[in-house]
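Structural characterization, general
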Amino acid sequence: MITIKGKSVFGGVSIGKIMFYKRNEKVIKRTHVDDVDAEWKRFCDAKDTAVSQLKELYDKAIEDVGEANAMIFEIHQMMLEDLDYLESIENIIRTQEVNAEFAVATTADNFAQMFAAMDDAYMQGRAADVRDVSERLLQALSSQNETVMVMDEPVIIAADDLVPSETVQLDKEKVLSFVTMYGSANSHTAILARTMNIPALIGVDFPEEGVDGQFGIVDGFDAKFFVEPDEDTKAEYRKLKEENEQKKRLLQELKGKENITRDGTKINLYANIGGVSDVANVLANDAGGIGLFRSEFLYLESEDYPTEEAQFAAYKTVAENMAGKKVIIRTLDIGADKQVGYFGLEKEENPAMGYRAIRICLDRTEIFKTQLRAIYRASYYGTI
């Protein structure tokens, strides 16, 4: 038996056969091209093909994981139109007189490394998106089909990493859990695991001999991955899994019922969310409303101050989805452990007690007013 410690992104227990996902390896060669205009045109055609594929993936993802999680493929389409990304590829093609494949691969490596080196966990997670988009371009340039995992039975998916387009094409009925070497708590795989309510681990160092085809147990509570567990361990986790599933069944029986204590006191059970995508879980778990909407995610995910329209769209979506249930929004809480570069905040000895949250808002009133206007406008569409 091998026991490996990882990092949990969603709790639970899964038991079953392990399938290691290995994508088709591409060998990118640098070749000289005589007609750089024709090569750039070839790249643009491949980009159009990739955009078309992403639109199809978006439609599929809406059915499988909901609109909030499907938005990743709209973001990927936007990435394919990003000027910095495109200019880098064009510059490499034209100045080095090389093939589009080499230019895409080089740009992908450079951008992915740049994102991975950032301090913000969300931005680190975008490295996988860059690789995913670039991989799609390389497939379009080579007319090669995507790697699709075929599963004959429910399995534990193990991989070095999984990008959004790979996870959304999996047969969700046959995925017991995700275990990856890389990735982050903000990766699409982690978000999908939370949406599907299946255990998931990241940061797992697989043994050199591999794990494909072996029997495994994923402990999402204690962040452990067991390969070929002994009989005692199997028995222990089968019992834990049944206890966990029994708790879920009991909780499901409470859905749709009023929240009243045994002595007849009615209480409100509200959920906390950190972004629009979390609303799916709020509705799935029958929360009476949203008690804390952490609005700073809009600022943490942006490279500049989010506009009134961008904020309005997010608040409006949440309000509409909650269909009249109360939504309590916490205004911008930046500072301390949540640093945003474009705010230009100075380093403090005790940031938790320093210049943060409402203190910033009351000092930088235009930022605060922009947020308040967006919230006020969105309140028309629900109970904010």
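Heads up: the structure comes first, above all this text.
Here the structure is a predicted model, which means the values were calculated and not measured.

Side note on the packing of helix H2 (residues 83-96) against helix H3 (residues 100-116)
Two numbers describe how H2 lies on H3: the axes approach to 9 Å, and their chain directions differ by 135 degrees. Classed by the angle they form, the pair H2 and H3 counts as oblique. Handedness of the H2/H3 crossing: right-handed. Contact residues: Asp84, Tyr85, Ser88, Ile89, Ile92, Ile93 and Gln96 in H2; Ala100, Phe102, Ala103, Val104, Thr106, Thr107 and Phe111 in H3. The residue inventory of the contact of H2 with H3, partitioned by class, reads 9 nonpolar, 4 polar and 1 charged.

As for the sheet that holds strand E9 (residues 270-273)
Strand order in this open sheet of 3 strands is E9-E10-E11, and the pairing throughout is parallel. At either end of the open sheet lies a strand with only one pairing partner, and these are E9 and strand E11 (327-330). Between one strand axis and the next, the sheet turns by 20 degrees as a mean value, whatever way the strands run. Examined bridge by bridge, E9 and strand E10 (residues 289-294) share 4 bridges and lie parallel to one another. Note that in E10 the partner of tyrosine 270 across the bridge is glycine 289. Its contacts with the sheet put helix H10 (residues 308-322) on E9, E10 and E11, and the angle it makes with E10 is roughly 165 degrees.

Describing the pairing of strand E5 (residues 175-180)
Of all 6 residues making up E5, 5 are buried, and the element is well covered by its neighbours. With 5 bridges connecting them, strand E4 (residues 155-159) and E5 associate as parallel partners. When the sheet's bridge partners are listed, alanine 158 is paired in E5 with valine 179. As defined by bridge partners, E5 adjoins strand E6 (residues 200-202) across 2 bridges and the pair is classed as parallel. Looking at E6, one finds that phenylalanine 178 is bridged to alanine 200.

What counts as what
- Residues numbered from 1 in each chain as written.
- Predicted model: local features only at pLDDT ≥ 70, side-chain atom pairs only at ≥ 80, totals over all residues.
- Heavy atoms only, no water.
- Axes fitted to C-alpha atoms, helices over the stretch in contact; angles between N-to-C directions.
- Helix = DSSP H or I, 4+ residues; strand = E, 2+ residues; numbered from the N terminus.
- Parallel < 35°, antiparallel > 145°, perpendicular 65-115°, else oblique.
- Left-handed = near helix turned anticlockwise from the far one by under 90°.
- Contact = heavy atoms within 4.5 Å.
- Nonpolar A, V, L, I, M, F, W, Y, C, P; charged D, E, K, R; others polar.
- Pairing = 2+ DSSP bridges.
- Buried < 20%, exposed > 50% of the residue type's maximum accessible area, 1.4 Å probe, protein only.

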